[in-house]
Amino acid sequence: MALAETISRKVHKLGLIPKFIRLLPVISFTLALGSVVWLLALPLDGNYRNTYISENALMPSQVNSYFRESEWNFVRGYREEIKLIEHSSFNEKNSLVEKWLTDIGLVTAYHQNGSANDTLYAIMHAPRGDDTEAMVLTVPWVTSEGEYNEGGLALAAGLARYFSKMSIWSKNIIFVFPQDSHAVLRSWVEAYHTTLEQTAGSIDAAIVLEYGKNGDYFDYFEMYYEGLNGQLPNLDLLNTISNVAYHEGIHCVIQNTPSTELVRNDYYSRTRTLLRGILNLTLSGLKRDVPGCAAFSGWQIQAVTIRAKGTQGPHDVTQFGRVVDTSFRSVNNLLEKFHQSFFFYLMLSTKHFVSIGTYLPAAVFIAVSFAFSALGCLLNSGVEASSFFNNTGSLLFIFTVIELSSGVLAAALPWITFGSPAEYQDTTVAQILFVLSLLTFGLAFTPLIMTKTKKVKFSKSITFGLISLSLFYISMLITTLLIVNFSLALTVGLLSLPLTFIQPIISQKSNLTKSPQVVSNRKRAQVKVSLCLLVSSPWFVVFLAGSYLDPENGISLMRGLLTSLHELQCWTWYVVILGWFPAWLTIALSCVFGNFEIDYTSFVNQEKKSI
Amino acid sequence: MSGLNQVLVLGALVRFVVPSVLPQVTDVLSSIVEISTPVNSFKSLLEAFYYLHHNINLYDGGVNHHPPLLVVLLSLLDEYIPAPFSGIVFNVIYTAIDVYIAIVLVKLNRWYQNYNSTRLGRPVHGFSDDLIAIFYLFNPLIILTNLSHSTLVFTFLFIIESLNQLLISDNVPRSMIALSIASYLSLNSLFLVIPILALAKAALKNKTEKQVYFEGGAIFLTTSGLLFLCSFAVTASFDFLSSVYGTVIMFDKISPNVGLWWYLFTEMFQFFTPLYVGIFNIFSGVFILPLTLRLFEFKDIAPAGDSFLAVVLSIVWISFTKSYPTVGDLAFGLSLLPIFKSTIYPYSKYTFVYGMTLLISLLLSPIFYYCWIVLGNGNSNFFYSINLIWGAVHIFIISDLLWGKLVADYLEQNKVPEAERSKIRLSQI
């Protein structure tokens, strides 16, 4: 305690606390900057680690796969058949595949999901297992890019035939053929754990196979691993697959690495992978072209999607099958569920990653930055601390009312979206986004227009109290999301960062000086506040990001937000409408109705005191 | 309607209307590990009613850990009132208990301010009545505990009634009877005998030491003995001793909660279990006596010492070291703290720090539990790390209040003038 005592005496002697309080906005901004710098430092040599197989039982690439040229003929045959029925009705498609699977001896069943075509699935009971665990091979009829998944289906049929001849399986294998890998697959996964009659035990791992019309040959394959709500599959599964690919001599890439840069491994490529990983994890579930692995989130299932790329390449279709085969053999070796290795990581390439302990400070800095600016907002506003205490009741009341009305919106907007007829759904989403954007613009620029005539006016302590409370609320939001959904926490934090600038801009000394410039200074400050409000509004971001991500259909992101909760149980919508939006709305309202006429005399006294 | 009455009515409405309109709230809350544990959950109480109605031994199957008299008395409600109404009657009972506790807290607050005004020779102003009631009735953790119908609420009732009888009615025997019932309901309340008897000695000037300590102790023991005999009479066996108290002492039912115990017993080799059971049990009681003695109101150091603070700190300490704590345990201690508004709080400096720590541990605890149990991407270390922070909050509170009290005593004893008090910065006493 002696050290703490010495430090505390020094702090008092040097008068660091008042200095610290005055510098709070600067410290807060530095912390936010520190977060970005931290993130960008991760791909530097020495800050990341090489991947390794942590669970020894997996033993990837230790077996010789016999899914070779002899099986190629079967795959070709199946593919020809599947090609023929591309435009047939869905029942015909299902019954053709079902016939093949029952011929092999698998148990088949259908899942009626009530909204789309029935999902066919087949169970191969393990010859050596106790029938309690399973692996899933999912082959959607249409790939996430919208292509007819003929190669994938042919491979699955070929693999089913090949698997059924082997006696080494100790886990059941389930083949699933959903119409798409979005809501239909999600509803199958949910039904599997709740209502389906034909089941095969708890699912350890799932691979979603996408091999469109690539023909017999492909160049390399891409792996997708983002789950919903910030979840990721165990790193061991990713490592297993990339290890298998390495031993097959196939390039395996992640995060849309272009085909020209398959072997590139430098700071730029690692940073790109890192940032795309964060972006994709934030947006997972919101986009329509979602790789199927996300559908397995939340049931303790490790799932990845692999998609073949290119048509020329050195690799043939059976090699793609061998990747699945050898990976399944590895998972088959497991005696316990995946528990070694990491569940929280960011990939820099298939061979490099950063684990949670290394990347977490980035989001912690942002959370602390918001907490500090909340504190600074209270202490630097020139309002007595006691008047904040006296107003605690009304502050909490206003904030609760705003939060409750956001809660009403949170339920009402998706309800309106699903209530409208299917063909008008896009229009409804566009209308909702339009109204919300209008609200954003209105609130952001009202302080500019109505400068003199305010009929309703918050008192000064309420104004600054509300801003501070909202900043603190965002800080707590980031803290709660920190572990479960790092990417979303970081993104929300960075995007709403301009909210922390508002109070320092308002309280700038230039607003008070009685010089001739006062009017123009005020005006400039107000423009800055309006811009901060606009940039940090969730709807502005959704609108902008939606148009950037999908130039043809700018509302797709908004539709994802509105529908993903219902279709995929992805709660990003709640984070936006119950976390980010009310905080923004509170700050916007206090900017509109707030009282910013800073008491000149009290400020001068304060200045004197601090000098 | 006065402010206090408004608060009481609103607090009562929240507690009565919510579970009456949404009965599933009770079910959900009584399954949450932070709010309810096997020894105080309402679900297992309902299970015990079923056993009782079907003539099954109450403690068969290891589900029920409630004391027999509580089960028997409450089962009368379940038995003689038709189904939809018995739930309502339970809501009424739990509401009434919390409102009663709030009323007693208000009285205790008034008593404490009067008592300290006479001791210090200057008027001491605490929070107003309605604020004291708000701190209890609108403490979210207390509301959750109450809505979960945890039987902990009965323990709170009898602890507070013990203080009520002692300080408001000046009656040591009745206070001891109430405390004995509290310990019968939840074993750890037993430790409160020490600080409450010390408080009795301090508060009741006209009683001799013999009257307070020996009579009080004897009445406590006799009542406990009678309660055990009655329990034996209604269950015709002493099974309840091991199921109700043995579980709490030996930590037989290993299940995660907000406390410090469970992790060591899930992750430990069985070989070490007796050692840790011993250590934890000693730890639960060992600081009660020193706390009481340090804050005892000895005549020669008057007006230093504060036996009421000793009781409150002991309550916080018990929440810290209990084998099956819930968030309600700490919340009960927290709702007693505002009473010290003008005696100790001016000198304790870390309220903001532990307030934030408390808030963050409350936010993260359910999330980490979800990561561990539901998502499977976390593990028990995640949840326990938050338990440790939760424990640290207790220690923060105890040391902060204790330090505040020592500073206040120093200033009183050295007759430091009012004007200089805020300038003096003490680093050790």
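So, how was this worked out
- Starting afresh in each chain, residues are numbered from 1 along the sequence in its written order.
- By the order in which they are written, chains take letters starting at A while ligands take numbers starting at 1.
- Local features are withheld for residues below a pLDDT of 70 in this predicted model, meaning they are given only at 70 or higher, and side-chain atom pairs are given and counted only at 80 or more; totals for whole chains, interfaces and linings count all residues.
- Only hydrogens and water are set aside when side-chain values are computed; all heavy atoms of the structure are taken into account.
- UniProt positions are given in the numbering used here, feature names are shortened, and annotations may be inferred rather than shown by experiment.
- Strand pairing is assigned whenever DSSP detects at least two bridges linking the two strands.
- A run of DSSP states H or I qualifies as a helix once it reaches four residues; a run of E qualifies as a strand once it reaches two. Both are numbered from the N-terminal end.
- Between N-to-C directions, angles span 0 to 180 degrees; the directions come from axes that are lines fitted to C-alpha atoms, helices contributing only their stretch in contact.
- Any two residues whose heavy atoms approach within 4.5 Å are treated as being in contact.
- Note on terminology: a nonpolar core comprises buried Ala, Val, Leu, Ile, Met, Phe, Trp, Tyr and Cys residues joined through side-chain atoms within 4.5 Å.
- Working definition: with a 1.4 Å probe on protein chains only, accessible area under 20% of the residue-type maximum means buried, over 50% means exposed, and in between means partly exposed.
- Domains are outlined according to an automatic or database domain assignment.
- Buried area: the accessible area, evaluated with a 1.4 Å probe, that two parts lose upon being put together, summed over both parts.
- Any Lys or Arg side-chain nitrogen located within 4 Å of an Asp or Glu carboxyl oxygen qualifies as a salt bridge.
- For this analysis, a polar contact is any N or O atom pair within 3.5 Å, provided that within protein one partner can donate a hydrogen and the other can accept it, and provided that sequence-adjacent residues contribute only side-chain to side-chain pairs.
- As a working rule, the residues Ala, Val, Leu, Ile, Met, Phe, Trp, Tyr, Cys and Pro are called nonpolar, Asp, Glu, Lys and Arg charged, and the rest polar, with Gly in that last group.

The Subcellular location (unreviewed entry) field of the UniProt record for chain B holds the comment "Endoplasmic reticulum membrane". According to the UniProt record, the Sequence similarities (unreviewed entry) comment for chain B reads "Belongs to the PIGU family."

Description of the sheet that holds strand S4 (residues 133–138) of chain A
All names here are of chain A. Reading across the sheet, the 8 strands line up as S2-S3-S5-S4-S6-S10-S8-S9 and stay open at both edges, with mixed pairing between neighbours. Since the sheet does not close on itself, it has two edges, and those belong to strand S2 (107–111) and strand S9 (252–254), each with one partner. With direction set aside, neighbouring strand axes in the sheet form an average angle of 25 degrees. Across 5 bridges, strand S3 (residues 119–124) lies against strand S5 (residues 172–177) in antiparallel orientation. By the bridge assignment, Tyr-121 is partnered in S5 with Val-176. Seen against the sheet, helix H5 (residues 90–104) touches S2, S3 and S5 and runs at an angle of roughly 155 degrees to S2. Sheet strands in contact with helix H8 (residues 235–248) are strand S6 (202–210), strand S8 (220–224), S9 and strand S10 (302–309), and its direction is about 30 degrees off that of S10.

Considering the nonpolar core
Ranked by size, the top nonpolar core spans 117 residues in total, and within it B:Tyr136 and B:Phe308 carry the most contacts. It is helix H5 (residues 83–120) of chain B that contributes the most residues to this core, 13 residues altogether. A:Leu283, A:Leu360, A:Leu490 and A:Ile555 belong to the second largest nonpolar core, which has 90 residues in total.

Side note on unusual backbone geometry
Residues and elements named next belong to chain A. In this model, Met-59 sits at a positive phi of 40 degrees, which is unusual for a non-glycine residue. Examined against the element boundaries, Met-59 turns out to sit in the loop between strand S1 (49–50) and helix H4 (69–84). In this structure Met-59 comes out as partly exposed when scored by relative accessible area, which is 46%. You will see that Ser-61, though not glycine, has its phi angle at about 60 degrees, which is positive.

A short note on the domain arrangement of chain A
Residues and elements named next belong to chain A. Here chain A is described as being made up of domain 1 (25–44 + 357–596) and domain 2 (63–350). The C-alpha-based centres of domain 1 and domain 2 are spaced at 40 Å. Across the boundary between the two partners, domain 1 contributes 28 residues, which contact 24 residues of domain 2. Taking both partners together, domain 1 and domain 2 bury about 2400 Å²; carbon and sulfur atoms supply 65% of that area. Viewed at the interface, domain 2 and domain 1 are joined by 0 salt bridges. Across the contact surface, domain 1 and domain 2 share 7 residue pairs in polar contact (both at pLDDT 80 or more). Counting residues per element, the ones that place at least two in the side of domain 1 that touches domain 2 are helix H3 (24–41), helix H15 (460–484), helix H16 (486–495) and helix H20 (556–568). Looking at which element gives the most residues to the side of domain 1 that touches domain 2, the answer is H20, with 9 residues. Partitioned by chemical class, the residues of the side of domain 1 that touches domain 2 number 17 nonpolar, 9 polar and 2 charged.

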